[in-house]
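Read off the chains here:
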Amino acid sequence: MPPGFPACANSRLDTFLRRHLPPDIYDAIRAYESCVVVSDSENHTFKYVVLSDRLIYLTENPPKSIRGVVALRDVVAIELVDDYPEFLNGPDREINQHIRIIYSSTSLKKEYERPTGIRKFLLPFQHASAKTRKGKKKNIDSVSWSLKDPGSLNESFLRYHQDSSTTSRDSPLHPPSDLNKLPFQGTATFRPLPTLSRRSCQATAGTGQAVTSSSSTTNTKEPQGLAGHKGFPSESPFKCSGNGNAHYLGTSFQASLLQSNPHLEKKESELHLYIISTTSPLFLHLKSSWNNYIIKGTLLQDPLYASELSSTIGNQKPYRSEEKIKHFSQLKSELFLKDNTLRKILSLITELKVAAQKNFILKRLFWKTSDLFYFLVNKLHEYLPESRDKNALQNKSQRADELEACIRIIQTLGLMFRETETELSRLNTLAAKKGTLFNLLVILISEPQIPKSCPVFDITLVTDSSLVEMSFDAELQKLILEYTDTATALLYEILLAFQQGNLGLGSTKFAISWMMSFLQSRPPIITFVANIVKQVVKGLSASFQLLSPCQAVLLYQQFYILKSCLQYSKTLAEYIRNDYREEFRYFIHMPTLEKRFPLCYPISQPTTQLIHEVLNLVEQKQCVKC
C-alpha cells in the first residue's frame, strides 16, 4: 500500500488499486474509506470512496471495477451535515459522518437531450426522509467553502480573457487496456494560456504549490457531465505547453463553454457519503485535496510557472518507483557529505525540489526518512536569522548566496508539506523532535539580518565600488522580500498541518491553538504579523490591476494566517484590532477587491470569502477560540 495509509488499510482494495491503476496514479491516492453512497446514480449503495489528487472514485465493496465520479476542479462545496439518516439503524445513526459534496457540471438542455431512457433519481433529502437535529443542517464554516455561481461571468473574467482566435485541437489519449472501465478516454479541446504581464511567481509557487507528476504528466481523464454527448469536449483542460501536458481548470472553461454553446446548461449535482465512524479523517482529506487543487489550478494559469513546470516534466521517463527511491537515496547521501560547499548544497536541494515536483513518492520518502527534514531545518538555523559565519556579516555577496540557499530550502520544505496531509510519517516526524519544529517556526517569523549599508551623502562622490555596494544592497532587499513571501507560504502549510489536531486527527498537542500560543510568546511574531498586514493593505489599496495567479495565492495564504491569529491568539487579535482596525476598515473595499480577482482563478471565491471573514473578525471584540 502507499506509504501513509494506516496499518489496518484494506489489503484487498489496495491490491485491486495497484493492479488496475497506473503507478503514478496509484501513488497519488490520498485516502479511501468504506461508506454508503447516495447520488443521482447511486441509491444507498455500500462502496469504497477513493480520493486522489484530482478525482474522487467509487468502487464496489468488494472491488470489481473503479470509476471516477467527481473531479476536484468541479467541486463547489464540501460540507459536513449534522443529521440522523433514517436508513441507518441503532447506534450507527449517532456515529455517522454525513459528507455532502456539491459539484458543478454541464449537460445538454432537455429539448436537446437524446431519449436515452435514463431515469432521474431524486435524493432522499428532497423528500425530507432524513430528520435533522433541531430541524436544520449544520455546515461547518471553518472547514467548508461555498463557491456561489461558479459558472457566471463577471467583468474581471472578460478583461482577463482577451479575445483570442487560436484554434483548438483534439488530443486523443490511449490508456492501458486494463483501464477501459475508467473515465480516462476521450478527446480534449486545448486552448492556449492567456497572455499575462505579471511578476515571476518563483517565490510563492516554489514554496509548496508545485504540481506532482501524478497531476501533470498522467493522461488521466476526469469525468464530466458532457461525457457521452458526441461533438462536445469531455474535458476542460488548460494547456501549459506544446507537448500535450494539460492541466485542468473547470470554472472558466465551463463559463466560456456555456457562453459559446446555447444548447448547454450548468447544473449542480450532489454526492452524499455516509461513513459509519466518528474518527474517520476522510472529510479533512477531501477538504485538503480540494484546497490543494484550487491552489494548483490557480498557479498553473501563470505562464512562467506553467512553463517551468512543463520543462521539468517534458522529457520524463516511464514511471518506475524503484528508480525514484534510488534517486532519493542518492540525493540524501550527497547532501549529508560534510565537505559540501554552499553552492553544492543549493544545487542538490534544487535537484530534490524538481524531483519532488515530478513524483509524489519523493514527498513520502522525505517524511518517512525524517533525518532529511532535520538536516534542512538545521541548515536554515545555520544562516537565519543571522549567519554563524562572521564574514557574512560584512560580505554582502556571501550573505546574498546564503539567503538564496535559504529561500530554496524553504521552498522545498513547503513543497514537501503540500499534499502530504494523509502521511502518518509526517506527523511522526514533526512529533519526534518538537525542538526542530520550534526552531523552524521561529526562523520563519524572524527577519533575516543583512550587512548594514554605508550612507552616501554626495552622489558626485560615488565610486565604482560604491555602485557595486548599492547593487548588492538592492539584491539583498529583493531577496528579503522573496524570503518573506516564501516564509509566509511555508507557515501557511504548517498551520494547515496543525489544523488536523483541531479536527481530531493525530495528537491534540498539534492543535492550531497550541501553535498560536507558542508563536505569540516569541517577540518576532509582532513584527511578522505587522509586515503581513502592511503588505496586504498596501497591495490591495495601491492598485486596481488584476492580481496575478501567484499574487492571488499569496494573498489567500496571508489572510489565512491573519484569520488564525484573530481566532486562536488573544494577544495577536488585540494587537491587530488596536493597531490596524482603521487600515482594514478604510483601505480594503470588498466590491473593488472582487474586481481584481479574475473568475477564472479557482482560488478567487475562497479568497474573497476569507477576506470577508477576516474583516468581520477585526471588527469583533472577542472571538478567540481556546
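This one's a predicted model, so the numbers in the text were calculated from it and none came from an experiment. (Residues numbered from 1 in each chain as written. Predicted model: local features only at pLDDT ≥ 70, side-chain atom pairs only at ≥ 80, totals over all residues. Heavy atoms only, no water.)

Our focus in this paragraph is the overall build of the protein. A count of helical and extended segments in the protein gives 23 helices and 11 strands. By residue count, 54% of the 626 residues in the protein fall in the buried class. Counting only carbon and sulfur atoms, one obtains 52% of the accessible surface of the protein, whose full area is about 27600 Å². (Helix = DSSP H or I, 4+ residues; strand = E, 2+ residues; numbered from the N terminus. Buried < 20%, exposed > 50% of the residue type's maximum accessible area, 1.4 Å probe, protein only. Areas by Shrake-Rupley, 256 points an atom, 1.4 Å probe, with all protein chains shown as cover.)

Turning to the environment of Leu 273, a few remarks are in order. With respect to the helices, strands and loops of the structure, Leu 273 is situated in strand E11 (residues 264–276). Sequence-wise, Leu 273 and Ser 39 are 234 residues apart; in three dimensions their C-alpha atoms are separated by 8.9 Å. Leaving out residues up to four positions away in the same chain, Leu 273 has contacts with Cys 35, Val 36, Val 37, Val 49, Gln 97, His 98, Ile 99, Ile 101, Leu 282 and Leu 286. (Contact = heavy atoms within 4.5 Å.)

Structurally, Glu 619 can be placed in helix H23 (residues 604–619). Sequence separation between Glu 619 and Arg 581 is 38 residues, and the spatial gap between their C-alpha atoms is 7.2 Å. If near-sequence neighbours (up to four positions away) are discounted, Glu 619 is found in contact with Arg 581 and Arg 585. Among the polar contacts listed, one links the side chain of Glu 619 to the side chain of Arg 585, at a separation of 2.9 Å. (Polar contact = N/O pair within 3.5 Å; in protein donor to acceptor, adjacent residues only side chain to side chain.)

Two numbers describe a pair of aromatic rings. These are the distance of the centres and the angle of the planes. Under the counting rule described, the total for this entry stands at 14 aromatic pairs. With a centroid separation of 5.0 Å and an interplanar angle of 85°, the aromatic rings of Phe 366 and Trp 367 are classed as edge-to-face. When sorted by exposure, Phe 366 lands in the same class as Trp 367, which is buried. One aromatic cluster is present, formed by Phe 366, Trp 367, Phe 373, Tyr 374 and Phe 417 through successive ring pairs. A cation over an aromatic ring shows up here: Arg 30 above the ring of Phe 360, its NZ or CZ 3.9 Å from the ring centre. (Phe/Tyr/Trp six-rings, centres within 6.5 Å; stacked < 30°, edge-to-face > 60°. Lys NZ or Arg CZ within 6 Å of the ring centre and 35° of its normal.)

Below, the discussion takes up the nonpolar core. Ranked by size, the top nonpolar core spans 128 residues in total, and within it Ile 56, Leu 273, Phe 373, Leu 413, Phe 559 and Phe 584 carry the most contacts. In terms of residue count, the dominant contributor to this core is helix H17 (residues 464–502) (13 residues). With sequence-adjacent residues up to four places away left out, Leu 413 is seen in contact with Phe 366, Phe 373, Leu 376, Val 377, Leu 380, Leu 440 and Leu 490. Listed in part, the 14 residues of the second largest apolar core include Leu 21, Ile 29, Tyr 32 and Leu 55. (Core = buried A, V, L, I, M, F, W, Y, C linked by side-chain atoms within 4.5 Å.)

With that settled, the discussion passes to the packing of helix H20 (residues 549–568) against helix H21 (residues 570–587). At a minimum axis separation of 7 Å, H20 and H21 run at an interaxial angle of 125°. Judged on the interaxial angle alone, H21 and H20 are oblique. Once H20 is placed against H21, the crossing between them reads as left-handed. Residues Phe 559, Leu 562, Cys 565, Leu 566 and Tyr 568 of H20 pack against Lys 570, Leu 572, Ala 573, Ile 576, Arg 577 and Phe 584 of H21. Along the lines of polarity and charge, the residues of the contact of H20 with H21 split into nine nonpolar, no polar and two charged. (Axes fitted to C-alpha atoms, helices over the stretch in contact; angles between N-to-C directions. Parallel < 35°, antiparallel > 145°, perpendicular 65-115°, else oblique. Left-handed = near helix turned anticlockwise from the far one by under 90°. Nonpolar A, V, L, I, M, F, W, Y, C, P; charged D, E, K, R; others polar.)

One pass over the full model with this rule turns up 19 salt bridges. The salt bridge involving Arg 67 is made with Glu 42; its shortest N-O contact spans 2.5 Å. Of this pair, Arg 67 sits in strand E4 (residues 66–71) while Glu 42 sits in the loop between strand E1 (31–38) and strand E2 (43–51), and the two are 25 residues apart along the sequence. Residue Glu 419 is joined to Lys 296 by a salt bridge in which the shortest nitrogen-to-oxygen separation is 3.2 Å. Note that Glu 419 is positioned in the loop between helix H14 (396–417) and helix H15 (424–432) and Lys 296 in helix H8 (residues 282–299), a separation of 123 residues in sequence. Connected through salt bridges with shared partners, the residues Arg 30, Asp 53, Lys 296, Lys 363 and Glu 419 form a single ionic network. (Salt bridge = Lys/Arg side-chain N within 4 Å of Asp/Glu carboxyl O.)

Counting buried residues along E4, five of its six residues qualify, which places the element largely inside the surrounding structure. Counted between consecutive antiparallel strands, the loop separating strand E3 (residues 55–60) from E4 contains five residues. (Pairing = 2+ DSSP bridges.)

On to helix H18 (residues 512–520). Taken together, the buried positions of H18 are Ile 512, Met 515, Met 516, Phe 518 and Leu 519. For H18, the buried positions fall inside an angular range of 160° around the axis, keeping them on one side. (Arc of directions from axis to C-beta.)

Our next topic: helix H13 (residues 371–383). Between its first and last C-alpha, H13 extends 19 Å over 13 residues, near the 18 Å set by a 1.5 Å rise per residue. Regarding H13, the residues found buried are Leu 372, Phe 373, Tyr 374, Phe 375, Leu 376, Val 377, Lys 379, Leu 380 and Tyr 383. Of the surrounding secondary structure, the elements contacted by the buried residues of H13 are helix H10 (321–335), helix H11 (342–358), helix H12 (361–368), H14, H15 and helix H16 (434–445). (Expected span 1.5 Å × (residues − 1).)

With that out of the way, let us pick up the packing of H10 against H12. It is the contact of H10 with H12, at a shortest axis distance of 10 Å, that shows an interaxial angle of 45°. Classed by the angle they form, the pair H10 and H12 counts as oblique. The interaxial crossing formed by H10 with H12 has right-handed handedness. Of the residues in H12, those in contact with Ser 321, Lys 324, Ile 325 and Phe 328 of H10 are Ile 361, Leu 362, Leu 365 and Phe 366. Looking at the contact of H10 with H12 residue by residue, the class counts come to six nonpolar, one polar and one charged.

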